[in-house]
Each structure stands twice: as C-alpha cells, then as structure tokens.
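Observations on chain architecture
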Amino acid sequence: MRILLLEDEEAIRGFVRINLKRNEMEVTEAGDGETALALADSEGPFDIALLDVMLPTISGFEVCEQLRSKFPSMGIIMLTAKSQEEDKIHGLELGADDYVQKPFSPGELIARIKSLYRRMQPSAALLQAVASQELAAAAPVQEVMDDELTIGPFRLSVSARKLWKNDEEIILTPTEWTLVRLLMEREGKSVSRDDILSEVWGRYYVGDLKVVDVNIRRVRQKIEDNSSEPAFIETVWGFGYRWRRGSSG
C-alpha cells in the first residue's frame, strides 16, 4: 500500500511514518501542501493520502480538494487537531473519505487506513470468481455472476468499481461507491445510519454519524437531477436512507 503523508510538524510526521512502515506500508512524505501536490503528480499513483489540515501555506482542505479532482479513486484521510464539527464536515464535503482527530493512537490510524483500503478493493468473492474464470479460460470478467447491478438508469460494476447513469460514468470516491452499492443492493429497504456506518466504514469505526449524511449529500449531488428533491436516495427521517424501489428518474 502506497501512502502520501502530508504533515508539517516533523516530529508527528516521523511518528506516523514509523508506524506506517511497521505495517509494511510504503510512505512518501511532504511538509507542505505544494510539495504534496507535486509528489502526487510525479510519484503517484498513491493508494491513500493522509493530510494534515493546518499547514503553513495552502491548507490541507485545499490539497484535499485538488487531489480529489485529479485522483477520484484515491483514498483520503484528514488529520486534524480541531474538534469543531464544521471542520470535519468541511473536509468530508471536499471529498475526504474519513478523518482522524489528533492526538490519535497508532492503532486507531492504522485501523482507519486498513478499513478505507478494504473499501477500495473488490470483494473476496468476486476475486475468487474472476480467478476461477481465468483458470478455466471461461467467459470474460464482465460476465461474472452478480458483477453488475442495474436499477433504472443506473448500472453499477463491482469488478470495475464504477457507476453509470444512462451510460454516462459518474465519478465516485471509494467511499461513495461503496455507499451506493450498499443502497442499490438493498433497493426498497430502509438502511439505518448505524448500519451504513458499520457496513461502509467498518463495525469498529469510532466517529460521528454525520459522516454518513455528508457522504449521502455528496452522492446526491452527483446522481440526482435535483439533489434538493432526490428521486433515487430517499431520507427515512429519524432512521436512515433508502434507494427508492423502481426508481427510474
């Protein structure tokens, strides 16, 4: 796993680097936002970026926004010393997948990284099916059973981890894609925020339920014709969300 680490405080950067390498992760470091963006262009692709928020020049939020624009499939985790709710939400709205608040333990950070990385990978069942096909020289990957899910104008590919609406690809982050897949697979069924948090971020995730709401809002902005009047992802007030059964837009 390749990690881009952006942290301006050398002591913290060294602490994080040591723990990442102990977990067999390859780490590329930057002490400011400009360097991080340059490294992303010159030495990428990276699997996950860890971004400090408070930086001497451009902020971690600005770096997050630019990385998300250039590398939609990259995982992004914000490292923040701030406890204010608006800072967490702001990072998520700009495209971050998760946040870890300082001070954090090495175990917590590694767990968040591994959880995000798992969300970025195809399921074990699919990989096994694909491997079986290759060994048997059978049908191509696109024909693996349950590889694609089609509902109304949407087509979701598990192996490609992509989503199309009316045959036009919708660019999603790893977390957004996992969230859409969960709701589409449970079409017509209400899914609680707690269940979404557990299924998408992991059962041991420690964080605010608002991470679910922010990601739903981001997804709606991408898939809905009018995100303020969603036709596909319904809000189940006081509970969670539901992919509307038989929705065709």
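Structure: above.
Here we summarise the structure given alongside this text.

Conventions and cut-offs
- Residues numbered from 1 in each chain as written.
- Predicted model: local features only at pLDDT ≥ 70, side-chain atom pairs only at ≥ 80, totals over all residues.
- Heavy atoms only, no water.
- Helix = DSSP H or I, 4+ residues; strand = E, 2+ residues; numbered from the N terminus.
- Contact = heavy atoms within 4.5 Å.
- Areas by Shrake-Rupley, 256 points an atom, 1.4 Å probe, with all protein chains shown as cover.
- Pairing = 2+ DSSP bridges.
- Axes fitted to C-alpha atoms, helices over the stretch in contact; angles between N-to-C directions.
- Core = buried A, V, L, I, M, F, W, Y, C linked by side-chain atoms within 4.5 Å.
- Buried < 20%, exposed > 50% of the residue type's maximum accessible area, 1.4 Å probe, protein only.
- Arc of directions from axis to C-beta.
- Polar contact = N/O pair within 3.5 Å; in protein donor to acceptor, adjacent residues only side chain to side chain.
- Expected span 1.5 Å × (residues − 1).

Side note on the overall build of the chain
Of the regular secondary structure elements, the chain holds nine helices and twelve strands. Nonlocal contacts in the chain, meaning residues at least 24 apart in sequence, comprise 57% of its contacts between residues at least 6 apart. Carbon together with sulfur atoms contributes 49% to the accessible area of the chain, which is approximately 12,200 Å² in total.

Some thoughts on the sheet that holds strand S5 (residues 98–101)
Sheet strands pair via backbone hydrogen bonds, and the direction of the pair is either parallel or antiparallel. Taken in spatial order, the five strands make up an open sheet running S2-S1-S3-S4-S5, and their pairing is parallel. The open sheet terminates on both sides in strands that have one partner only, identified here as strand S2 (26–30) and S5. Neighbour to neighbour, the strand axes of the sheet diverge by 20 degrees on average, direction disregarded. Sheet topology note: the strand S3 (residues 48–52)/strand S4 (residues 75–80) ladder contains five bridges and is parallel. The residue of S4 that forms the bridge with isoleucine 48 is glycine 75.

Examining the sheet that holds strand S11 (residues 233–236)
The three strands are arranged S10-S12-S11 in an open sheet whose pairing can be described as antiparallel. Every interior strand has two partners, whereas the edge strands, strand S10 (191–192) and S11, have only one. In the sheet, S10 pairs with strand S12 (residues 240–243) via two bridges, with the strands oriented antiparallel. Residue valine 191 lies in a different strand from S12, and its bridge partner there is tyrosine 241. Running at roughly 70 degrees to S12, helix H7 (residues 174–185) makes contact with S10, S11 and S12 of the sheet.

A look at the nonpolar core
Counting residues in hydrophobic clusters, the biggest one holds 54 residues, and the most contacted among them are Leu51, Leu67, Met78, Leu163, Ile196, Ile223 and Trp243. Contacts of leucine 163, omitting those with residues within four sequence positions, involve Phe154, Arg155, Leu156, Glu168, Glu169, Ile170, Leu172, Trp177, Val180, Met184 and Ile223. Among the nonpolar cores identified, the runner-up in size contains 17 residues, and Leu20, Leu50, Ile113 and Leu116 belong to it.

Quick notes on unusual backbone geometry
Following glycine 44, the chain continues to proline 45 via a peptide bond in cis, the omega torsion being 5 degrees. Of note, proline 45 is situated in the loop between helix H2 (33–43) and S3. Cis geometry is found at the peptide bond from lysine 102 to proline 103, where omega equals -5 degrees. Counting through the fold element by element, proline 103 comes out in the loop between S5 and helix H5 (106–119). A positive phi angle, near 50 degrees, is found at asparagine 166, a position not held by glycine.

A closer look at helix H8 (residues 193–201)
Of the residues making up H8, those classed as buried are Arg193, Ile196, Leu197, Val200 and Trp201. Across the axial projection of H8, the buried residues extend over an arc of 100 degrees, all falling on one side. Where H8 is buried, its residues contact S5, H5, H7, S10, helix H9 (210–223) and S12. Looking one or two residues past H8, glycine 202 carries a phi angle of roughly 110 degrees, positive in sign.

Description of the side chain of glutamate 176
Inspection of the secondary structure assignment puts glutamate 176 in helix H7. The class for glutamate 176 is buried, based on a relative accessible area of 1%. Reaching out from glutamate 176, the side chain makes a polar contact with the side chain of lysine 222 at a distance of 2.7 Å. If we ignore the near neighbours within four places in the chain, the residues touching glutamate 176 are Ile171, Asn215, Arg218, Val219 and Lys222.

Considerations on H9
Taking 1.5 Å per residue, 14 residues should reach 20 Å; H9 reaches 20 Å between its end C-alpha atoms and fits that length. Burial analysis of H9 places ten of its 14 residues in the buried class, the great majority of the element. Inspection of H9 places Val211, Val212, Asp213, Val214, Asn215, Ile216, Arg218, Val219, Arg220 and Ile223 among the buried residues, and these make up the whole buried set.

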